[in-house]
Each structure stands twice: as C-alpha cells, then as structure tokens.
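Overview (structure and organization)
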Amino acid sequence: MAAPGDTFFIQEKLKQTAPHHESFKALWETKWKQPCSMGVYPFMFGSITDFQPVVDDIIAKGLKRPYDWDEYAQCFFPKAEELVARAKVAEYQGDLQQASELYLRGSALHRVARFPAPRSEKQWYAWTKGKEAAIKGLTFARFPMVQANIPHAHAANGDGSVLPGYYHLPAGASSSHKVPLVIIFTGLDGYRTDLATWKDGWAQLECAVLIVEIPGTGDNPGAPSDPASPDRVWSSMFDWVAKQAEIDQSRVVNWGFSTGGYYSIRVAHTHADKLKGVVALGGGAHHMFDPEWLDAVNDLEYPFDLAHTLCHKFGYKDMELFKREAQDKFSLLNAGILDKPCTRLLLVNGTDDEIFPIDDYYMCLQHGSPKEARFVTSRKHMGEPESFFIVLKWLFKLLGIQGDAGQFMSTIPFKPKY
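Here is a short report on the structure shown in this document. (Residues numbered from 1 in each chain as written. Predicted model: local features only at pLDDT ≥ 70, side-chain atom pairs only at ≥ 80, totals over all residues. Heavy atoms only, no water.)

Assigned secondary structure in the protein consists of 16 helices and 8 strands. Seen along its three principal axes, the alpha-carbon backbone of the protein occupies a region of about 60 × 60 × 40 Å. Burial analysis of the protein (418 residues in total) assigns 59% to the buried set. Contacts in the protein between residues at least 24 apart in sequence constitute 74% of all its contacts with a sequence separation of at least 6. As displayed, the protein has an accessible area near 16200 Å², and 51% of this comes from carbon and sulfur atoms. Taking the 44 positively charged and 50 negatively charged side chains of the protein as two groups, their mean positions are separated by 4 Å. (Helix = DSSP H or I, 4+ residues; strand = E, 2+ residues; numbered from the N terminus. Buried < 20%, exposed > 50% of the residue type's maximum accessible area, 1.4 Å probe, protein only. Contact = heavy atoms within 4.5 Å. Areas by Shrake-Rupley, 256 points an atom, 1.4 Å probe, with all protein chains shown as cover. Lys, Arg positive; Asp, Glu negative; His and termini not counted. Charge placed at Lys NZ, Arg CZ, Asp CG, Glu CD.)

Next up on the list: the environment of R114. Locating R114 in the fold gives a position in helix α5 (residues 96-114). Apart from the residues within four sequence positions on either side, R114 is in contact with Q123, A126, W127, D189, G190, Y191 and D194.

On to the nonpolar core, then. In this structure, W32, Y72, F76, W234, M237 and F322 are the most contacted members of the largest nonpolar core, which totals 99 residues. Tallying contributions element by element places α5 first for this core, with 7 residues. The contacts of W234, once residues within four sequence positions are left out, are L163, F185, V212, E213, I214, P215, N220, Y263, V267 and H271. Membership of the second largest hydrophobic core comes to 41 residues, among which are F45, V209, L395 and F396. (Core = buried A, V, L, I, M, F, W, Y, C linked by side-chain atoms within 4.5 Å.)

This next bit is on the pairing of strand β3 (residues 179-185). Where burial is concerned, most of β3 is hidden: 7 out of the 7 residues are buried. Sheet analysis places β3 next to strand β5 (residues 247-257), joined by 6 bridges and oriented parallel. Considered in β5, the bridge of I183 is made with N254. Strand direction decides the pairing type here: β3 and strand β4 (residues 208-212), joined by 5 bridges, are parallel. The residue of β4 that forms the bridge with L181 is A208. (Pairing = 2+ DSSP bridges.)

Now for helix α2 (residues 48-61). Taking 1.5 Å per residue, 14 residues should reach 20 Å; α2 reaches 19 Å between its end C-alpha atoms and fits that length. Check the buried side of α2 and you find it contacts α1 (24-38), α3 (69-74), α4 (77-92) and α5. Positive backbone phi, approximately 70°, marks G62, located one or two places after α2. (Expected span 1.5 Å × (residues − 1).)

Bringing the side chain of K199 into the picture now. Mapping K199 onto the fold places it in helix α8 (residues 199-204). What makes K199 buried here is its relative accessible area of 3%.

Turning our eyes to something else, we now look at the side chain of H20. Relative to the helices and strands, H20 resides in the segment before α1. Given a relative accessible area of 6%, H20 falls into the buried group. For H20, the residues in contact, after removing those within four places along its chain, are A26, L27, T30, K31, L300, E301, Y302 and P303.

The subject of this paragraph is the pattern of salt bridges. A complete count under the given rule lists 25 salt bridges for this structure. The shortest N-O distance in the salt bridge between D352 and K13 comes to 3.6 Å. Taken together, the residues span a long stretch of sequence, with D352 in the loop between β7 (344-350) and α14 (359-365) and K13 in the segment before α1 at a distance of 339 residues. The exposure class of K13 is buried, given its relative accessible area of 17%. Here R114 makes a salt bridge to D194, at a shortest N to O gap of 2.7 Å. One end of the pair, R114, is in helix α5; the other, D194, is in helix α7 (residues 192-195), and 80 residues separate them in sequence. For D194, a relative accessible area of 0% puts it in the buried group. Through salt bridges with shared partners, a single network forms among K131, R192, E213 and D219. (Salt bridge = Lys/Arg side-chain N within 4 Å of Asp/Glu carboxyl O.)

Put into structure tokens, the structure is as follows:
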C-alpha cells in the first residue's frame, strides 16, 4: 500500500457496505437509474423505456445477492427479443437507421443480462445473442464497424486461435491517406459490443478504432490464468495492425478502460515500440490483488460481486485460492514489468476508487521509466467525468489532431429516436 502506515488510501472505507448491495431495487434506485436514463455505462445504446419494465419485473421478484444469474438474465430476454424482431422488420423494409438503433437497443438488454460476466448458461446465451444484435446494429450505423477476426499467430499454452475485434476505418483512409489508430482495451464487464459507443467521436476526427477484449473476458483468446497470455495476444494483434496499409504506424495509441488499464500498463512496457502512447484509465497493477482488498471489494463501489467476478476472469473457480495466489501470479511489480522501459504512459484515476486502489498508480510512478499521471480528487472509479476530458486532450495532442473534448463527449450518451 502507498499511504502512510502501509495502508490503503481509502483504508477507512474498506469495512463499509454500499447501499446498492441491499437488493436490485436499491441498485437501480441509488446507482443505475440515472445512467440508464442517459444511455451511458453500463447502459450504452440503451433506452430507459426498454429497461424500466424489466427492472419492475426484477424488483417484483425481489432479486438480491446472492443472485441466481439464470433467473436474473431471463428477465431481460422478452424485451430484447421484441426489439430485435422490430429491427429485422425495419431492415427488411430498408429503414437501416431504425434497424441500427433497434438492434443496438436489443444488444443493450442482452449486455445487462450477462452483466457483470457470463457465469451461467443463460448469461452465456445473452452474450451470444448480444453479439449478434450489436454487430448488426453497428454495421448499419452512420460510422459502421465490422468484425476483424485477427489470427492469433503467437498462440500457446491453451490460447484460442482468433482475436475478434470491432474495427472502424474512416471512409477516406487509404494507403496514400493514412490515419491514426486508437486501440481500445475493454474492461471486466464492458466488452467490444459496449465500448463501441466510443467510435463516433474518433470517427468524426478521422481516426480508426479497434476495440478488443482482455483475457478472461468476451472472446479474447488468451488463456485467462496465464499471466503471459496477453503478451502473445497483443503480439498477434500488432502483427495484424502492421499489415493495415491505411494506418499510420507512427500514430498508433492504446486506451485501456478499468481492468483494461491493467493490460494497458503491461502493453506499454512489453510492446513499447509498437505504440506512440498509452492511457491506463482506472487500472491496477499490484495492490488490486491484495487479499485485504479482495476481501472488501464485494461490498464497495462495484454493482455486484467484484472479487468473484475477477476470480472468474482470471480463470479461477476457488475464491480462496485466487486470493492466495493472485498477487504473486499477476502483479506487474512482481513480474518485473514495471521496471522495464515503456512508451509514453498516462495514468488517470479517481483518488477514491473503490474498485482498483489508487495506491497502484502511486507505485507505478516509483518504478521504471518516468510516467505521466493525473489523479481526480474525490472521484471514484476512473475519475469520471473529468477523467475523460483529461484523456482526450492528452490523446489529441499526442496524435497531432485538432479535437474538441466537449464535442467528442457529446457523442457518448445514447438518444433513442424510435
């Protein structure tokens, strides 16, 4: 820990229980209703008019922890299926704008059905159907995305063979008019289907966007319990990037969100020569795996059982074993990663983060190459909303593009028309 007395900076909060853990009703009323009404995380592409009847059903059932994830997921399916059916009609009639919106709204319901991670049969079904709806909606969008199936040429030790990513290439990009590339690493619960919400802002600035999941989430092929698997996956990814004639290879950057920030810190060191710069927003490195931290976080800021979701993500079934082994196995400090040279690396988070301790970023600053950092005082995970403006302005300058962070951020909230 980085605070005086070898404690966490938010040590006094570790014994508290956030009100939203009382029940789903409390989660909705104290934490989720407002972002749902705005169409922002975790309700990207969502409409509160779609979610409210589902929420009413869940509340009537009295769902609370420990959740039955199949029962929880099932509540979202009827409305999601209704929206997808309407989208198919609109597509058949040639109204692709309406079809795009309805497919994406359907994908939003499937997303929250499998949130925070598909750990049951019906949550896996939700992930599968959500992908189907999302790619249809994104294909018909103003700034379309396609699925790039990147061969995992460096696969080993139980890795899969393909890294699927959602890819947007500006219409005017060519080998004679190359464009920058922003590679987004998604987080613990927000996958490529969800962080596609960031594409419009970059597309308007004529930047290509590649969105990929991290090992243990979504469709990333990296073996979840192998600490070195991300290095192999990113090597395969950069092999693919190098073959894209429309990309300015001197202006490739990475932005990792939340748990994706952990992988961004790592890639900034392991693949420093491939990246002009890296942003790790709300990530961790070492103390995120501390048993004391993991013992506390199920009751803190995260909507559900964070420690168990991380346990699942890193390929463990036994929570106690994960707590005993995780720090030794996955710490970027213990692995010597942080003491290696790195590309330009910006660390951004809220000082009161209850998902990954700000202590990790203090520690990063004490090792290896000098890094850049901005901590947002009194904000929790990821330092929202100020952090987004900090990150965007830094990336605009790094890439040498003229961008307006306010205009960019206006593209994020989802505003349904149909």
